Amino acid sequence: MILEILEWVGYGILAYFIVLQSYMFFLATRSAAVLRRSHHLNRFGRVGEMLSSHRVPPVSIIIPAYNEEQGIVDAIRSMAIVNYPRLEIVITNDGSTDQTLRRLIEAFDLERVRIPYRPDIQTAHVRAIYRTHSPIKITVVDKENAGRADALNAGINAARYPYALCTDADVILDAECLVKGMRHVVEDRERTITVGGNIRPLNGCTLELGHLVEARVPKKMIPRMQVLEYLRTFITSRPAWSALNALPLVSGAFGIWKRSAVIAVGGFTSGHFGEDMDLTMKMHRYHLEKEIPYRMVYEPGAVIWTEVPDTARVLKRQRIRWHRGLMTVVKDFKGLTFNPRYGKLGMITWPGMVLFEYFAPIIEFAGWFIIPLSIYFGVLNIPLMVVFIALAYGVGVINSLTAILVDESFGYYETPADVFRIVVMALIENFGFRQLTVVWRIRALFGGKKTKTWGNMERRGVANLSAKASQARSS
Amino acid sequence: MSAFEIAIAAMITMFAVSAALLVGVVVLKWVNGKRRRARERRHAAYLKLLSKHIAAPGSIEGLTFRQAGDDAFIDALIDIRHTLTGLATDELTQVLDRTELIAYQSARLRSRFPLGRRLRAVVSLAEIGDARAAKVLMEHLDDRVPEVRVQSARGLARMRYTPAIDIILQRFDTESPWVQTRFAESLALFGRDAVWPLTAYIRVHHQQGDVGITEMIRVLGVIGDSEVGPTLAELLYTVENVEVKIALIETLGIVGGPMALRPLRRMSQSSDWRVRAKTAAAFGEIGDPSVIPVLNEGLSDPSWWTRRNSAAALADLPGGLDVLYSALDSPDEFTRDAAAEALADSGELIAARDRLEAGGSDPRDMRLVGYMHQPTEAVA
């Protein structure tokens, strides 16, 4: 009897991975169609002309910062020259213990001011507000430390404009990213409450004066592997979810949010490890339960570049934090799973998230023990098992290659060598890297309750990346 | 066939697909890179040729109808077209005649597929703005693809083909908000030619209150013809829809002038805070100091936005700064902060600080600088 159960569990685990990869393949094919249309519109639609339109709503860029002295000034400079007609930048200094605030004050000639500050969302105490009088309005909210979510909420409180682009201090925005994202708001201002963007790893790229001048695939293995992961996520999953109006996640690094809608759901949840996913799901639930028509969109053309961890140690911390965030969201929104009341979100994307993101490491980890046990007891047909594993591997590789193929339409990586490097990652990621991420995510299950919500990225800073690139060229 | 054999067959298929994709990715990258570089080279060569032709007409012997379908050539032509201001369009017409570009791209636009090629065609025709393309662009104002309709309208506006105005207006109601927005931009490109058709449309439809009508009203603001001020002011008395009211107030702020003050004063008493807030902003745009008492009242309005907009408007008016300085002593904390913010935004804070640093002792300067350095308190 036990052996029989073992046999079925073994086959079940193998079948699970084929279903998972098939689900990813379904998303990839749907996404390819969405991207094709989006690509045509971005290429020929002359979206930039929208800049002169009075219909384009003003946007506040909100940047939470904690100990970001290295790159904050260059990051803000790069954001200030984004092509968009009406813009303000709100930086929230979340009680940094380094020179972040001083660097900002000196670089932008900030002065302490009193401006109307409405605490629409409750936050930790705001100590002071600083503002510059340059043509680009820069406001710095200096507050006590309470984590990224709280800093974002303070930024939203201080924002003057109806839309807020919540991003990070270590990103480089593509010049057209805001106009491409806000196109969806102009398209349907009443219903559009969120627009997510396409995030790409910055490591290995060449920067000049806070601008990306050459996109390259990083030479180091860890960030290179993440290039492939980001491609799979942002090229082959999100467009399909967006087409279903059931995005389960708008990434924290680039999300344009309707300010009033964020306030209506109480803002980002303070102290949450996955505050971006939590807010996305809260917005869905609020609008679906109140039967308010809404749209949450992903725009693949709205590209931003962010530093990704380049050591296993930092990546491990990031993945543990992400998985803990996911665990909390899954727990908080368990009522949505396979609940027809929540439409496509409840029936397709959220169950997909729970089954293929939350449970995946648990099932895979269990498989590492159950399958060898089954083989040991002779209850598993080895040739059949090999075929199953090969099938799962094959579909996985096809998914990755499809993502790389579709990404070609963006044309960011110009040399065949770069593409070749990512292709190699697609072939080898299942041999070591994948297992490592499984262990980290399993580790997240036994973490205890830490309240720290700022990831310790050990950033080299946007400015340092620029400097390094210049040095490399001159040598 | 056993389950095992089926699985083996599936596995082989899978690997064959993977291998094909793998080869496909690398080959595609190589081909795309090669094509891109070749296109950049051709684009540069065409730019050189066309510039030479504009400077010294007659050097386009090398051009034939083959170039009509070459993206590099079209891009070069569009780049050159953007740099011209109507002086050298005869030379450009010669190029278009020689390459038969208008006929070629018109035929592409009329074909049903593929989408990318049709979009390329309509954008080319719209950007080049040659009058011979007007007919084909008119035909596509009701195309099945929204972006083709948008670009057709834009092209017609660029060539100031006025018969298109009525057609665009007729289609307006049936379009999505996105297409309406883009159509509105095109209507603004027609300039004063579009003012009276738009005014007539607004007069007839102003009670509808949909997105389209507010868009039309705002287009009048973009065109900026003050002759429409009285008509819009008159509509403000009768219109009921709040969105339309707001659009009228915003536009009157731009084109209304002093004649708009009377209806706007009435709007400042509206029960809707959005109307009051927009009215305060419009007063600032018009710049007539006679509204200072109204804006002073606005500083103690129950609505947050009305108070903020009133303070900002006062900063734009002659004599308004005095009112803002007085408001620094208001019992309402938010009014004080809004006044201080408006004073800072108008440059008064920097000026006050400079005066104090230069040895001045104006109590108003000291009050403003001192106030700004108090800690911020949240206002519920």
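Reading guide: rules and limits
Residues numbered from 1 in each chain as written. Chains lettered and ligands numbered in written order. Predicted model: local features only at pLDDT ≥ 70, side-chain atom pairs only at ≥ 80, totals over all residues. Heavy atoms only, no water. Helix = DSSP H or I, 4+ residues; strand = E, 2+ residues; numbered from the N terminus. Rg over C-alpha atoms; globule rule 2.2 N^0.38 Å. Buried < 20%, exposed > 50% of the residue type's maximum accessible area, 1.4 Å probe, protein only. Areas by Shrake-Rupley, 256 points an atom, 1.4 Å probe, with all protein chains shown as cover. Lys, Arg positive; Asp, Glu negative; His and termini not counted. Charge placed at Lys NZ, Arg CZ, Asp CG, Glu CD. Contact = heavy atoms within 4.5 Å. Axes fitted to C-alpha atoms, helices over the stretch in contact; angles between N-to-C directions. Parallel < 35°, antiparallel > 145°, perpendicular 65-115°, else oblique. Left-handed = near helix turned anticlockwise from the far one by under 90°. Nonpolar A, V, L, I, M, F, W, Y, C, P; charged D, E, K, R; others polar. Patch = residues over 30% accessible without salt bridge, like charges linked within 9 Å, V, L, I, M, F, W, Y side chains within 5 Å. Salt bridge = Lys/Arg side-chain N within 4 Å of Asp/Glu carboxyl O. Pairing = 2+ DSSP bridges. Buried area = accessible area lost by both parts, 1.4 Å probe. Polar contact = N/O pair within 3.5 Å; in protein donor to acceptor, adjacent residues only side chain to side chain. 1 Å grid on protein atoms, 1.4 Å probe; cavity = no way out; pocket = protein on both sides within 12 Å on 5 of 7 lines; lining within 4 Å. Points joined across faces, edges and corners; volume = space filled by probe spheres on them. Domains from an automatic or database assignment. Disulfide = S-S within 2.5 Å. Expected span 1.5 Å × (residues − 1). Arc of directions from axis to C-beta.

Peer 1: Explain the overall build of chain A to me, and be specific about the residues and the numbers.
Peer 2: Each helix and strand counted, chain A has 16 helices and twelve strands in total. A compact globule built from 475 residues should have a C-alpha radius of gyration of about 23 Å, and chain A, at 23 Å, falls within 12% of that. Based on the C-alpha atoms only, the size of chain A along its principal axes is roughly 75 × 60 × 45 Å. Across the 475 residues in chain A, those meeting the buried criterion constitute 60%. Surface accessibility of chain A: about 17900 Å² in total, with carbon and sulfur atoms responsible for 58%. Taken as two groups, the 57 positive and 43 negative side-chain charges of chain A have centres that lie 2 Å from each other.

Peer 1: Pulling in residues and values, what's your account of the overall build of chain B?
Peer 2: Secondary structure summary: chain B contains 21 helices and zero strands in total. Scaling as 2.2 N^0.38, a compact globule of 380 residues should have a C-alpha radius of gyration of about 21 Å, whereas chain B reaches 30 Å, well beyond that. In terms of its C-alpha atoms, chain B occupies a principal-axis envelope of roughly 85 × 65 × 55 Å. Out of the 380 residues in chain B, the part that is buried amounts to 52%. For chain B, long-range pairs separated by at least 24 residues make up 66% of all intrachain contacts whose partners lie at least 6 apart in sequence. Across chain B, the centroid of the 45 positively charged side chains sits 10 Å from that of the 49 negatively charged ones.

Peer 1: Lay out the packing of helix α2 (residues 71-83) of chain B against helix α5 (residues 115-128) of chain B with the relevant residues and their values.
Peer 2: Helix-helix packing is characterised by the crossing angle of the two axes and by the distance between the axes. All names here are of chain B. Relative orientation of the contacting elements α2 and α5 amounts to 25°, with a least axis distance of 9 Å. With respect to α5, the axis of α2 lies roughly parallel. Two packed elements cross with a definite hand, and for α2 against α5 that hand is left-handed. Residues D71, I74, D75, L77, I78, R81 and H82 of α2 lie in contact with α5, whose contacting residues are R120, S124, E127 and I128. Taken together, the residues of the contact of α2 with α5 sort by class into four nonpolar, two polar and five charged.

Peer 1: Please give an account of a nonpolar patch on the surface that cites residues and values.
Peer 2: Residues and elements named next belong to chain A. A surface patch of nonpolar side chains, about 570 Å² in accessible area, is lined by F26, F338, M347, I348, L355, F359 and I362. If one sorts the elements of the nonpolar patch by residue count, helix α11 (residues 343-358) sits on top with three residues. Within the secondary structure, M347 is located in helix α11.

Peer 1: Mind laying out the pattern of salt bridges, listing which residues take part and the relevant values?
Peer 2: Tallied over the entire structure, the rule returns 61 salt bridges over all chains. With a closest N to O distance of 2.5 Å, K143 of chain A and D94 of chain A form a salt bridge. Of this pair, K143 of chain A sits in strand β5 (residues 137-143) while D94 of chain A sits in strand β2 (residues 87-94), and the two are 49 residues apart along the sequence. In this structure, R182 of chain B engages E147 of chain B in a salt bridge whose closest nitrogen and oxygen atoms are separated by 3.8 Å. One end of the pair, R182 of chain B, is in helix α9 (residues 177-189); the other, E147 of chain B, is in helix α7 (residues 146-158), and 35 residues separate them in sequence. Residues R182 of chain B and E147 of chain B agree in their burial class; the two are buried. Residues joined in a network through salt bridges with shared partners are E88, R131 and R160 of chain A together with R308, E341 and D345 of chain B.

Peer 1: Explain the sheet that holds strand β8 (residues 192-201) of chain A residue by residue, including any values.
Peer 2: Residues and elements named next belong to chain A. Ordered by their spatial adjacency, ten strands build an open sheet running β3-β4-β5-β2-β1-β6-β11-β8-β12-β7, and the pairing between neighbours is mixed. Either end of the sheet is taken by a strand with one partner, and the two such strands are β3 (111-113) and β7 (171-173). Adjacent strand axes in the sheet meet at a mean angle of 30° when their direction is disregarded. As judged from the five bridges shared by strand β6 (residues 163-167) and strand β11 (residues 254-258), these two strands associate in the antiparallel manner. Paired with A164 across the strands is W257, a residue of β11. Its contacts with the sheet place helix α3 (residues 100-108) against β1 (59-65), β2, β4 (126-131) and β5, and it is angled at close to 155° to β5.

Peer 1: Can you lay out the pairing of β5 of chain A for me, pointing to particular residues and giving the numbers?
Peer 2: For a regular strand, side-chain orientation follows a simple rule: the groups alternate between the two sheet faces. All names here are of chain A. Counting buried residues along β5, six of its seven residues qualify, which places the element largely inside the surrounding structure. With seven bridges joining them, β2 and β5 adopt parallel strand pairing. In the strand pairing of β5, D94 is matched with K143. When β4 meets β5, the two strands line up antiparallel, connected through five bridges. Within β5, the residue paired with Y130 across the bridge is V140.

Peer 1: Lay out the interface of chain A and chain B in plain terms, naming residues and giving numbers.
Peer 2: Contacts between the two partners involve 51 residues from chain A, matched on the other side by 66 residues from chain B. Counting each side, the surface lost to burial between chain A and chain B is near 5400 Å², with a carbon and sulfur contribution of 64%. Counting every contact that joins chain A to chain B gives seven salt bridges. A salt bridge links D337 of chain B to R114 of chain A; the shortest N-O distance between them is 2.9 Å. There are seven residue pairs in polar contact (both at pLDDT 80 or more) connecting chain A and chain B. Those elements giving two or more residues to the side of chain A that touches chain B turn out to be α1 (2-44), β3, β4, α5 (177-187), α13 (382-407) and α14 (416-428) of chain A. The element contributing the most residues to the side of chain A that touches chain B is α13 of chain A, with 14 residues. Broken down by class, the residue content of the side of chain A that touches chain B amounts to 28 nonpolar, eight polar and 15 charged.

Peer 1: Hey, could you go over the environment of T279 of chain B for me, with residue numbers and the actual values?
Peer 2: All names here are of chain B. Positionally, T279 belongs in helix α15 (residues 273-286). When the C-alpha positions of T279 and T306 are compared, they lie 8.5 Å apart, and in sequence the two are 27 residues distant. Reaching out from T279, the side chain makes a polar contact with the backbone oxygen of V275 at a distance of 2.6 Å.

Peer 1: Outline the layout of surface pockets, listing residues and values.
Peer 2: Of the pockets and cavities examined, the second largest pocket occupies roughly 2000 Å³. Around the second largest pocket sit 45 residues that line it, and H39, R43, E408 and S409 of chain A together with R39 of chain B are the ones nearest its centre. Elements represented by at least two residues in the lining of the second largest pocket include exactly α1, β12 (295-306) and α13 of chain A together with α1 (3-55), α2 and α5 of chain B.

Peer 1: Outline the domain arrangement of chain B, listing residues and values.
Peer 2: Interfaces are often sized by the accessible area lost when the parts come together. The domain architecture assigned to chain B consists of domain 1 (44-54 + 65-161), domain 2 (191-265) and domain 3 (268-380). Of note, the centres of domain 1 of chain B and domain 2 of chain B, computed from C-alpha atoms alone, are 34 Å apart.

Peer 1: Tell me about the state of the cysteines, and please be specific about residues and values.
Peer 2: All names here are of chain A. Following the criterion strictly, the structure yields zero disulfides over all chains and no others. A disulfide-free cysteine, C205 has its sulfur positioned 15 Å from the sulfur of C177, the nearest such atom. When its relative accessible area of 6% is taken as the criterion, C205 is described as buried.

Peer 1: Residues and numbers for unusual backbone geometry, please.
Peer 2: Look at N67 of chain A: it is not a glycine, yet its phi comes out positive at around 50°. In this model, F338 of chain A sits at a positive phi of 50°, which is unusual for a non-glycine residue.

Peer 1: How would you explain the pairing of β6 of chain A if you had to name every residue and give the values?
Peer 2: Residue and element names in this part refer to chain A. Extensive coverage of β6 is indicated by the burial of five of its five residues. Burial along β6 is two-sided: Y163, L165 and T167 facing one way and A164 and C166 facing the other are all buried. The pairing of β1 with β6 spans four bridges and is classified as parallel. Each bridged residue has a counterpart across the sheet, and for I61 the counterpart in β6 is L165.

Peer 1: With reference to specific residues and values, describe α14 of chain A.
Peer 2: All names here are of chain A. The first and last C-alpha atoms of α14 sit 18 Å apart over 13 residues, in line with the 18 Å expected at 1.5 Å per residue. Of all the positions in α14, only D418, V419, I422, V423, M425 and A426 are classed as buried. Projected onto a plane normal to the axis of α14, the buried residues spread over an arc of 155° and lie on a single side.

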